[in-house]
Amino acid sequence: MVITATRTIQKDEEITIAYTELLAKARDRRLDLVPFGFICKCEACDGSESTMHDAHRLAILHILDQLDDYDRGKGDMEDPKVALGLAAAMVHLLKATGIMGIHLDEAYSRCADHASELGDEELHEKFMHRVNND
């Protein structure tokens, strides 16, 4: 197996691989792990805050649906400021849930796109700098 990093990895930094879809509910993630022969005991899957983590994941999925509808010109949302606010909320939820990597990069990219849509190139660059760096 070959793994290619999309960002600089610091010395002694832990590298992890997700065996499941990180935005799925804890119950579904645990079921997905059965074929691998282990039970996840992390805080998000089995800890006292697993219900909160599930709520955050559900909120992230809801935001993704809204942003996808906005991008396709569907739904009620028409204001790019609202889209930017939702994308920023998604960043916050991902960080609060401990989900990094491709999901966080996508959220930052969406923030950058909506900042550009608003004509704020400085904010666009700020968010683009966070892609693959956070």
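Since the structure is predicted, the reported quantities are computational estimates derived from the model, not experimental observations.

Colleague: Explain the overall build of the protein chain here, please?
Modeller: Looking only at helices and strands, one finds 6 helices and 0 strands in the protein chain. When the helices and strands of the protein chain are placed in sequence order, the string is α-α-α-α-α-α. Relative to its full complement of 134 residues, the protein chain shows a buried share of 33%. Pairs at least 24 apart in sequence give 50% of the contacts found in the protein chain among residues at least 6 apart.

Colleague: Just checking my understanding: could you explain helix α1 (residues 26-33) for this structure?
Modeller: In an α-helix there are 3.6 residues to a turn, and that puts residues three or four apart on one side. By the burial criterion, the buried members of α1 are Ala26, Arg29 and Leu33. Looking straight down α1, one finds its buried side chains confined to an arc of 60 degrees; they lie on one side. Each element contacted by the buried residues of α1 is listed here: α2 (43-46) and α3 (50-71).

Colleague: It is not clear to me how the nonpolar core should be interpreted in this structure. Could you clarify?
Modeller: Taken as a class, soluble globular proteins show a tendency for nonpolar side chains to be buried jointly. The biggest cluster of nonpolar side chains holds 23 residues, and the ones touching the most others in it are Ile60, Leu67, Met90 and Leu94. If you tally residues by element for this core, the top one is helix α4 (residues 80-97), at 8 residues. Once you skip the residues sitting within four places of it in the chain, isoleucine 60 turns out to touch Leu23, Met90, Leu93, Leu94 and Thr97.

Colleague: Just checking my understanding: could you explain the environment of isoleucine 60 for this structure?
Modeller: Residue placement: isoleucine 60 occurs in helix α3. When the C-alpha atoms of isoleucine 60 and leucine 94 are compared, they prove to be 7.5 Å apart, with 34 residues separating the residues in sequence.

Colleague: Teacher, can you tell me more about a negative patch on the surface here?
Modeller: Residues Asp120, Glu121, Glu122 and Glu125 make up a contiguous surface patch of negative charge. Locating glutamate 121 in the fold gives a position in helix α6 (residues 121-130). The class for glutamate 121 is partly exposed, based on a relative accessible area of 41%.

Colleague: I would appreciate a short explanation of the confidence of the model for the protein chain in the present structure.
Modeller: Parts of the model with low pLDDT should not have their predicted coordinates read in detail. Averaged over all residues, the pLDDT of the protein chain equals 91, while 100% of them reach at least 70. Within the protein chain, the element-level pLDDT minimum falls on α2, averaging 85, and the maximum on α6, averaging 96.

Colleague: How should I be thinking about the side chain of arginine 110 in this particular structure?
Modeller: Take arginine 110: it is sitting in helix α5 (residues 102-117). Using a relative accessible area of 11% as the deciding quantity, one classes arginine 110 as buried. When near neighbours in sequence (up to four residues on either side) are disregarded, arginine 110 contacts Leu64, Leu67, Asp68, Asp71, Ala87 and Met90.

Conventions we followed
Residues numbered from 1 in each chain as written. Predicted model: local features only at pLDDT ≥ 70, side-chain atom pairs only at ≥ 80, totals over all residues. Heavy atoms only, no water. Helix = DSSP H or I, 4+ residues; strand = E, 2+ residues; numbered from the N terminus. Buried < 20%, exposed > 50% of the residue type's maximum accessible area, 1.4 Å probe, protein only. Contact = heavy atoms within 4.5 Å. Arc of directions from axis to C-beta. Core = buried A, V, L, I, M, F, W, Y, C linked by side-chain atoms within 4.5 Å. Patch = residues over 30% accessible without salt bridge, like charges linked within 9 Å, V, L, I, M, F, W, Y side chains within 5 Å. Areas by Shrake-Rupley, 256 points an atom, 1.4 Å probe, with all protein chains shown as cover. Salt bridge = Lys/Arg side-chain N within 4 Å of Asp/Glu carboxyl O. Lys, Arg positive; Asp, Glu negative; His and termini not counted. Charge placed at Lys NZ, Arg CZ, Asp CG, Glu CD. pLDDT = per-residue confidence, 0-100.

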